Amino acid sequence: MIRYVQQVEALVRKDLLLELRTWDRLSAMGAFAVLVAVLFHYAVDRTLIHPRELAAGLIWLTIVFGGILGLGRTFALEEEDGAIQGILTSPVPKDAVFLAKVTGNFVLLGLLVLLILFVFGLFFQVGLGGNPFALFGVLSLGVLGFTALGTLYSGVTVRSRMGETLLPVLVFPLLVPMVVFGVRGTSLLFAGVSGAEVEGSLRILGSFSLVALLAGAFLFRFVVED
Amino acid sequence: MSSPPARPAEGPSRESPAEGERTSSLEAHALVRAFGPIRAVDGVSFELLPGELLTVFGPNGAGKSTLLNLLAGALQPSEGEIRMGGRLRSHGEVEWRQQVGILSHQTFLYGHLTAEENLRFYGRLFGVDQIEDRIHERLSAVEMDHRKDDLVRTFSRGMRQRLSLARALLHDPAIVLLDEPYTGLDVHAAALLRDLLSSLKDGRRTVVLVTHDLTQGLDLADRVAIQVRGRFEFFGSSVELPSGPPDAFYRSVVEGVLGGAGGAP
Amino acid sequence: MSLKTIRWGAGIAGVLGVGLALLFHWQVFFWVPTEASMGIVQRIFYVHVPAAWVGFFAFFIVALCSAVYLWLGEERLDIAAVSAAEGGILFTTIVLISGPLWAKLAWGTWWTWEPRLTLTLLLWFIYVGYFLVRSSSENERTGRRLAAVVGIVGALNIPLIHMSVLWFRSLHPQPVVLRTDGPSLHPDMLVTLMTALASFTLVFLAIFLVRYGAERLERELRAHDSARESGKGVPV
Ligand SMILES: Nc1ncnc2c1ncn2[C@@H]1O[C@H](COP(=O)(O)OP(=O)(O)OP(=O)(O)O)[C@@H](O)[C@H]1O
Ligand SMILES: [Mg+2]
């Protein structure tokens, strides 16, 4: 068990270190988030509707599109000189590899979400509502499931000729629960309701994440093994 | 072609080896790995004792790398079984991989990490004790300690090969698998590798070496195999090799299967 | 199952299925009473609903066979999964064509975000992903395993997706067959629906068996061919 945690930690640390060295995914996702917000400004006619009223939906869509950009590159650095083979021939269980990849990606997407909230606050005066903890819960539970699905499927798409273009086709149909209840929870909280009123959303987002995590941890071996 | 002149492992494989007998360290039985229609490894059987070094020769595409990947636990066999010290690979994949070190065609190194960081990463995956001492020891064994803080992407081909060798041996594996380890090494490094190989023959470890260089390959070999089209067309102890120039024998075995067009190994 | 049994099974299921199809078309056009509130349009229901049932049933088979395939590695289960998926995508396509027709005539709009129709659309895309993964993988063996993963994960998410779309909006007529107080359909309507369901199920079974037999034969032939010229390597 301790061994397992150490291995996961070594993998996560390596991924984050590589990300800090290269900034490949962070820079792409960050730029994407800011630019999308700029485009939203011109896409919404302010005489009819203020972007703030659409904020919850726009934020989640930016998370989805920006996130898929980063998730699709999960195994890109591993492909270089067969490093993934090095991990697969080491005594690390496949589920540990999966959980480590999810953890690293979750940190990355977490940073993306913070940036998105900041940018929407700056551009469209979207506040955090009265209950930042519940908001944090809704965002992180939704993003966790998304990360787990995206990580599993990015393992699928690296082995496909179509590569990253296939990823949205596989992942988006499964994101409906996340978008429905993520947007609902977020917009309620932006409107200033108490944490108790988003409990239902939290519960469903929690099941969504749990299903994605368990399925991924269990099925990942069939994705990477030969 | 239907009956290859290979000498397979003697006797059927045993569940638990008899007491007092020298147990085989690495054992393959009727091992097959197919990629779609191609049978890259096609019914390979052999048995190696602790301390033995097996050299596998064979033309390109014979399935040598595939065989090593099967032994390393990176590929699932289509048929057949592999054992280490009598234990089936399928009975504990994680424990199996703990005992194996592989140097493959690819280095498994991250270009954006330094030499030391790469080794530390793999050391932690393998749960190596006193990791910093081991890293230092391995780096100096391949004479790379002066570059330990440089990013691997700035290394030359041979330097990466050296570092990859240090990576493969970091956790002191009982089974060492080397796929063309001499690739890219200069004369000095090749001598270094040769010394390292002979130091690996300490009686505890089993080494499988794949190479195209007959002289380097036969130098330390206890056992020799010639693999053609997935099969071991020859498998025997190195003293059983017929007298005469080894490349003539190699060529006759390979041409016996493929016919005509012989070439350098 | 021998190929001969499969062929017979497919033949019988096909003949029965088509026979019942003729019967239920006659029922739909000449026999069944017209529904009061929606009028003649409601007759699309007898195609739409059974097709949806069969489409989802097929996906259940895909997921089940995929899971056992990953577990046992038995190639026939993969053949069964892909055959079911082919049938399934056909029937979900029928749903997606008949749904908008009905919607246009009944509500004056081609598309409604009716939960079950939306769910079928999403299921259709999961099927598409299943086939894309299978056909675009680096080698066939990998493609089968990856497709199996896609099938299983899709099936695991279907209940949550269903719940979400249901919660989000339901404009559609409420379920009329599976109600606790017994079916509210006119008995003749129920008979027609059941005939259609039996017909679609049999046609699906026939398609499934034909595809299963053909795919198995193809793979056996290919294995046979490659066994003859096995170990093709680079000449020295
Ligand atoms: N991942 C793979 N997918 C499909 N075929 C493969 C794969 N790996 C190897 N093969 C096939 O298996 C056969 C053996 O390949 P392998 O790499 O084991 O040969 P080798 O003996 O190591 O050759 P070389 O001397 O060139 O390194 C080849 O015909 C190759 O095309
Ligand atoms: Mg090779």
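The present account deals with the structure reproduced in this document.

The rules behind the values
Residue positions are given per chain, counted from 1 along the sequence in the order it is written. Written order decides the labels, with chains lettered from A and ligands numbered from 1. Thresholds applied to this predicted model are a pLDDT of at least 70 for local features of residues and 80 or more for the giving and counting of side-chain atom pairs; totals over whole chains, interfaces and linings are not thresholded and use all residues. Processing note: side-chain calculations cover all non-hydrogen atoms of the structure and skip hydrogens and water entirely. To count toward a patch, a residue needs a relative accessible area above 30% and no salt bridge. Like charges then connect within 9 Å, nonpolar side chains (Val, Leu, Ile, Met, Phe, Trp, Tyr) within 5 Å. Accessible surface is estimated by sampling points in the Shrake-Rupley manner with a 1.4 Å probe; for residues, cover comes only from the protein chains shown. The rule for a salt bridge is simple: a side-chain nitrogen of Lys or Arg has to be within 4 Å of a carboxyl oxygen of Asp or Glu. Only runs of H or I of at least four residues qualify as helices and only runs of E of at least two qualify as strands under DSSP, and these elements are numbered from the N terminus. Expected span of a helix, by definition, is 1.5 Å for each gap between consecutive residues, and there is one gap fewer than residues. For every residue, the accessible area (1.4 Å probe, protein chains only) is compared with the maximum for its type, and the residue is labelled buried under 20%, exposed over 50%, or partly exposed between those bounds. In this context, the arc is that of the directions from the helix axis out to the C-beta atoms. Only heavy atoms enter the contact rule, under which two residues are in contact if any of them lie within 4.5 Å. Paired strands are those between which DSSP finds at least two bridges. A fitted line through C-alpha atoms represents every axis, and for helices the fit uses only the stretch in contact; the resulting angles, taken between N-to-C directions, go from 0 to 180 degrees. Metal sites are built from N, O and S donor atoms within 2.8 Å, or 3.2 Å for Na, K and Ca, and they leave out water, so they may look incomplete. In what follows, roughly perpendicular refers to angles from 65 to 115 degrees, roughly parallel to angles under 35, roughly antiparallel to angles over 145, and oblique to any angle outside these ranges. Crossing handedness: left-handed means the near helix sits turned counterclockwise from the far one by under a right angle, and right-handed means the same turn made clockwise. Polar here means any residue outside two lists: the nonpolar Ala, Val, Leu, Ile, Met, Phe, Trp, Tyr, Cys and Pro, and the charged Asp, Glu, Lys and Arg; Gly therefore counts as polar.

**Brief notes about a nonpolar patch on the surface**
All names here are of chain C.
Consideration 1: Taken together, the side chains of Leu-23, Trp-26, Phe-29, Phe-30, Trp-31 and Val-191 make up a nonpolar region of the molecular surface, amounting to roughly 650 Å² of accessible area.
Consideration 2: Here the nonpolar patch gets five residues from one element, more than from any other, and that element is helix H1 (residues 3-31).
Consideration 3: Mapped onto the elements, Phe-30 comes out in helix H1.

**Overview of helix H6 (residues 187-200) of chain B**
All names here are of chain B.
Consideration 1: Look at H6: 20 Å from first C-alpha to last across 14 residues, which is about the 20 Å you get at 1.5 Å a residue.
Consideration 2: For H6, the full list of buried residues reads Ala-189, Ala-190, Leu-192, Leu-193, Leu-196, Leu-197 and Leu-200. All buried residues of H6 fall inside an arc of 155° around its axis, so they share one side.
Consideration 3: In this structure, the buried residues of H6 make contact with helix H4 (131-141), helix H5 (157-169), strand E7 (175-179), strand E8 (206-210) and helix H7 (214-219).

**Considerations on the sheet that holds E7(B)**
All names here are of chain B.
Consideration 1: Sheet architecture is open: six strands sit in the order E6-E7-E8-E3-E9-E10, paired in mixed fashion. At either margin of the open sheet sits one strand with a lone partner, and together these are strand E6 (100-103) and strand E10 (231-237). Between one strand axis and the next, the sheet turns through 15° on average, direction left out of account.
Consideration 2: With four bridges joining them, strand E3 (residues 53-57) and E8 adopt parallel strand pairing. In the strand pairing of E8, Thr-55 is matched with Leu-209.

**Notes on the coordination of the magnesium ion (ligand 2)**
Consideration 1: Within the protein, the atoms that donate to the magnesium ion (ligand 2) are Ser65(B) (OG) and His105(B) (NE2), at distances of 1.9 to 2.4 Å. Of the two residues, Ser65(B) is situated in helix H1 (residues 64-72) and His105(B) in the loop between E6 and helix H3 (115-125); the sequence distance between them amounts to 40 residues.

**Comments concerning the packing of helix H6 (residues 94-124) of chain A against helix H7 (residues 132-157) of chain A**
All names here are of chain A.
Consideration 1: Two elements in contact, H6 and H7, have axes separated by 9 Å at closest approach and are oriented at 130°. Judged by the inter-axis angle, H6 sits oblique to H7. As H6 packs across H7, the resulting crossing turns out to be right-handed. The residues of H7 that touch H6, namely those facing Phe-98, Lys-101, Val-102, Asn-105, Phe-106, Leu-109, Val-113 and Leu-117, are Leu-139, Ser-140, Val-143, Leu-144, Phe-146, Thr-147, Ala-148, Thr-151 and Leu-152.
Consideration 2: Tallied by class, residues from the contact of H6 with H7 come to 12 nonpolar, four polar and one charged.

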